[in-house]
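Working through the structure, step by step
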Amino acid sequence: MDKLVDSGKTKQLFQTKDKNVLKVHYTNHTTAGDGKRNEQIENKGAVNNQISSLIFQYLNKFDIPNHFIEQTSNTDQLNKKVNMIPLEVVVRNLSSGHFQKRFGTNNLQQLSKPVVEFFMKNDELHDPMVNDLDVQALNIANEHQLSKMRDLALKINIALINLFKEINITLVDFKVEFGIDESNHIILADEISPDSCRLIDTDTKESLDKDVFRKNEGNMMKGYYKVLHKLQKELA
Ligand SMILES: Nc1ncnc2c1ncn2[C@@H]1O[C@H](COP(=O)(O)OP(=O)(O)O)[C@@H](O)[C@H]1O
Ligand SMILES: [Mg+2]
């Protein structure tokens, strides 16, 4: 049995023979409302593992450094072990969620420019929004690292917008997390999946992501499968 080294709300991290490599197991666990709702959703782990694997491989083509090594089963992948920077980096193209609440914009209003926002990853504090000076004052990251994360986030955004456009899906917003690898470089880590992106069918405006669960609008997996099958076809 592999040794469990860390686990969070949706993934379990296991040690491998190589100290710089983790086996990451994607679970069916699904949370919403700041962890108030907790459910197991059949096949979610497998679908997200496959979507995330496809997206990380796609990002490699654009020289976006990331932790992905290989997918080893339906639910598992090998990732480079990094020191996580405890920030959630959010990129927005259309107004939704917290942005919409904060500014009273219309839902899915196109923004004139993509926005990058940083949130401290801290469940007890409900992931407070932080600015560059907060991040530096709290020693979470330095100015250079912040600018690197912002640049990478915007680069990922362009690559993902283009990918999803090909399969008639609009990328509303997404969250990424970064880590520092053994050469002290900032690389993309964690996951990119419908748990961490807002994706809508460009024609029907149907949500293809966790918003369906958040809003209790029925079978969330229908959209997840649609995203997976379209990506498989596009990236085959
Ligand atoms: N390459 C990596 N190396 C080390 N830790 C990682 C890596 N990728 C993701 N993690 C961390 O794995 C943990 C488990 O992930 P997850 O279940 O999504 O946690 P959370 O509940 O914080 O969202 C998180 O703390 C995440 O930051
Ligand atoms: Mg997570």
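All chains use their own residue numbering, which begins from 1 and follows the written sequence. Working convention: letters from A go to chains and numbers from 1 go to ligands, in the order in which they are written. Only residues with pLDDT of 70 or above have their local features reported here, since the model is predicted, and side-chain atom pairs are shown and tallied only from 80 upward, although totals for entire chains, interfaces and linings are computed over all residues. By convention in this description, side-chain values take in all heavy atoms of the structure and omit both hydrogens and water.

With that settled, the discussion passes to the pattern of salt bridges. Salt bridges are counted wherever a side-chain nitrogen of Lys or Arg sits within 4 Å of a carboxyl oxygen of Asp or Glu. The final tally for this structure, using the stated rule, is 20 salt bridges. Notably, a salt bridge pairs Glu 88 with Lys 121, separated by 3.7 Å at the nearest N-O pair. Of this pair, Glu 88 sits in strand β9 (residues 87-94) while Lys 121 sits in the loop between β10 (110-120) and β11 (129-130), placing them 33 residues apart in sequence. Note on exposure labels: buried denotes an accessible area under 20% of the residue type's maximum, exposed denotes more than 50%, and partly exposed covers the range between, all computed with a 1.4 Å probe on protein chains only. Take Lys 121: its relative accessible area is 37%, and that puts it in the partly exposed class. For the salt bridge of Asp 211 with Arg 214, the shortest nitrogen-to-oxygen distance reads 2.6 Å. Pair noted here: Asp 211 and Arg 214 are both in helix α5 (residues 211-214), with a separation of three residues, about one helical turn. Exposure remark for Asp 211: the relative accessible area of 6% places this residue in the buried category. Take Arg 214: its relative accessible area is 36%, and that puts it in the partly exposed class. Numbered from the N terminus, helices here are DSSP runs of H or I no shorter than four residues, and strands are runs of E no shorter than two.

To continue, consider the site of ligand 1. Among the 16 residues in the neighbourhood of ligand 1, the closest are listed as Lys 9, Lys 11, His 67, Lys 80 and Lys 121. Distance and chemistry together define a polar contact, namely a pair of N or O atoms within 3.5 Å, with one atom able to donate a hydrogen and the other to accept it when in protein, and with adjacent residues in sequence counting only for side-chain atoms on both sides. Contacts to ligand 1 include Lys 11, whose side-chain N or O atom sits 2.7 Å from an oxygen atom. Think of it as three bins: nonpolar holds Ala, Val, Leu, Ile, Met, Phe, Trp, Tyr, Cys and Pro, charged holds Asp, Glu, Lys and Arg, and polar takes everything else, Gly as well. Looking at the shell around ligand 1, its residues break down into five nonpolar, three polar and eight charged. By convention here, the domain bounds are inherited from an automatic or database domain assignment. Summarising the domain contributions, the shell around ligand 1 has at least three residues from each of domain 1 (4-80) and domain 2 (83-219). By convention in this text, a residue qualifies as near a molecule or strand provided that one of its non-hydrogen atoms is within 4 Å of it.

Many descriptions give the size of an interface as the accessible area lost when the pieces come together. Once the domains are mapped, the protein chain shows domain 1 (4-80) and domain 2 (83-219). A C-alpha centroid distance of 17 Å is found between domain 1 and domain 2. In this analysis, two residues are considered to be in contact whenever any of their non-hydrogen atoms come within 4.5 Å of each other. Taken together, the contacts link 26 residues of domain 1 with 24 residues of domain 2. Across the domain 1/domain 2 interface, buried area totals approximately 2300 Å², and carbon plus sulfur atoms make up 60% of it. If you sort the residues of domain 1 by the area they bury against domain 2, Arg 37, Ile 55 and Tyr 58 come out on top, with a joint share of 22%. Lys 11 is the salt-bridge partner of Glu 191, the closest N and O atoms lying 2.7 Å from each other. Summed over the shared surface of domain 1 and domain 2, the number is 14 residue pairs in polar contact (both at pLDDT 80 or more). Values labelled buried area give the accessible surface lost by two parts on being combined, using a 1.4 Å probe and summing over both.

A word on unusual backbone geometry. Unusually for a residue other than glycine, Asn 43 sits at a positive phi of about 70 degrees. Within the element layout of this structure, Asn 43 appears in the loop between β5 (37-40) and α1 (44-60). Classification of Asn 43 by relative accessible area gives partly exposed; the value is 35%. Phi is positive for Asp 63, which is not a glycine, with a value near 55 degrees. The exposed category is assigned to Asp 63, whose relative accessible area is 63%.

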